[in-house]
Amino acid sequence: MADGAFGLSKELAEETAPVWEKVKDHVTPLEWPEQARLISEINRLKRERDAVILAHNYMTPEIFHGVGDYVGDSLGLAKEAAKSKARVIVQAGVHFMAETSKILSPDKTVLIPDLRAGCSLASSITGADVRLIKERHPGLPVVTYVNTTADVKAETDICCTSANAVQVVEWAAKEWGVDKVILIPDEYLARNVAAQTTVGIIAWAGHCEVHKRFTTQDIADMRDAWPDAEVLAHPECPEEILRAADFAGSTAAMTEYVEQRRPKRVVLITECSMASNIKGDVPEVEFVGPCNLCPHMKRITLENIRDCLLHMQFEVTVPDEMLEKAALAVQRMIDLPPPSKPARYDLVKARHHVDVELI
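Residues numbered from 1 in each chain as written. Predicted model: local features only at pLDDT ≥ 70, side-chain atom pairs only at ≥ 80, totals over all residues. Heavy atoms only, no water.

1. Observations concerning the UniProt feature "binding site: [4Fe-4S] cluster" (unreviewed entry) in the protein
Here's step 1: Here, the residues flagged by UniProt with the feature "binding site: [4Fe-4S] cluster" (unreviewed entry) are Cys119, Cys208 and Cys294. The greatest C-alpha distance among the residues just named is 9.3 Å, despite their covering 176 residues of sequence, which places them together in space.
Here's step 2: By the secondary structure assignment, Cys119 is in the loop between β4 (109-111) and α6 (127-136).
Here's step 3: Once you skip the residues sitting within four places of it in the chain, Cys119 turns out to touch Val94, Phe96 and His296.
Here's step 4: Mapped onto the elements, Cys208 comes out in the loop between β8 (200-203) and α10 (209-212).
Here's step 5: Here Cys208 is in contact with Ser120, Leu121, Asp186 and Glu236, once residues within four sequence places are set aside. (UniProt positions renumbered as here; feature names shortened; annotations may be inferred. Helix = DSSP H or I, 4+ residues; strand = E, 2+ residues; numbered from the N terminus. Contact = heavy atoms within 4.5 Å.)

Structure representation (structure tokens):
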């Protein structure tokens, strides 16, 4: 009997009310009844399957707030999943993230709701490419962004995230006794790291299709429309974007910035679902600005998360030899002392300007 809000049963309305409070600025009352039913069904299936859902920052709000057991960036999600006692991991994100979860949790079943959820950056390079790079630059350590396939991680000396890339680059240079490292595959991240360190950088011309599309004109337009807005950019954006921003950092750093400072108005230069998700926790902050959606992330829906758990379908596996080699690179990064705070990429006060060597 429908005696609760939105025509839902009283029980279902009460169960999903906390989620509605977080998503109501982004989900219409017309959509909510079906989403509420799916959220309830998914959470029931999680209990039955002994599963947890890892929801990336770029998931839509009803996924992020409604069914995510762990939320955040890709490596943080995989690390949390490895600590979990759950038997099944569902990756609400893209394929390389599911592989990273499998690398850190080899004995668990890892599922992804849509096998087609790829990544333009991850697909820009292969393990064979890395082997050729190493032949061309013998003796230099290879630092690889976690936004890569297991095949690439297996050819890597150490992984990094946008939050610790400067730290990892400097550690690798010192550990190998060299003044130059290979940092792949994101060209813009490499260039932005190069401005924060004296270590030489050899880079690859890979890009995130979402962050590459932002322009300085976008920022200029935002400042004209909302002069009091604070502009935050992700280091996968081109250098000129970071120079035009008020703050640049990883998704974790941007989230921390907003939650701690609580600015009146913010522009996030990254995938726009992230703004929607942060908004659920800081409702007093107004998020404005351009919206670039990741078409790969948006392949993940409540419907296919439900089907994934219902049928236990779309398992992600990594060959044993590749998994072991990739795990060494990921674990080496995890074993480094974490930075005191997620890295800030300050190109206005950069140490110097340096050109990277592009492969």
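Having seen the model, we can carry on.
2. Things to note about the environment of Thr16
Here's step 1: Note that Thr16 resides in helix α1 (residues 10-23).
Here's step 2: According to the relative accessible area criterion, Thr16 is buried, its value standing at 2%.
Here's step 3: Each C-alpha atom of the pair Thr16 and Cys308 lies 21 Å from the other, and the pair is 292 residues apart in sequence.
Here's step 4: The residues touching Thr16, leaving out its near neighbours within four places in the chain, are Leu8, Trp32 and Ala36. (Buried < 20%, exposed > 50% of the residue type's maximum accessible area, 1.4 Å probe, protein only.)

3. Some points on the packing of aromatic side chains
Here's step 1: A full pass over the atoms with the stated rule returns four aromatic pairs.
Here's step 2: When the ring of Phe6 is compared with that of Trp20, the centres are 4.7 Å apart and the planes differ by 65°; the resulting orientation is edge-to-face. Remark: Trp20 occurs in helix α1 and Phe6 occurs in the segment before α1; sequence separation between them is 14 residues.
Here's step 3: Owing to a relative accessible area of 34%, Phe6 belongs among the partly exposed residues under this scheme. (Phe/Tyr/Trp six-rings, centres within 6.5 Å; stacked < 30°, edge-to-face > 60°.)

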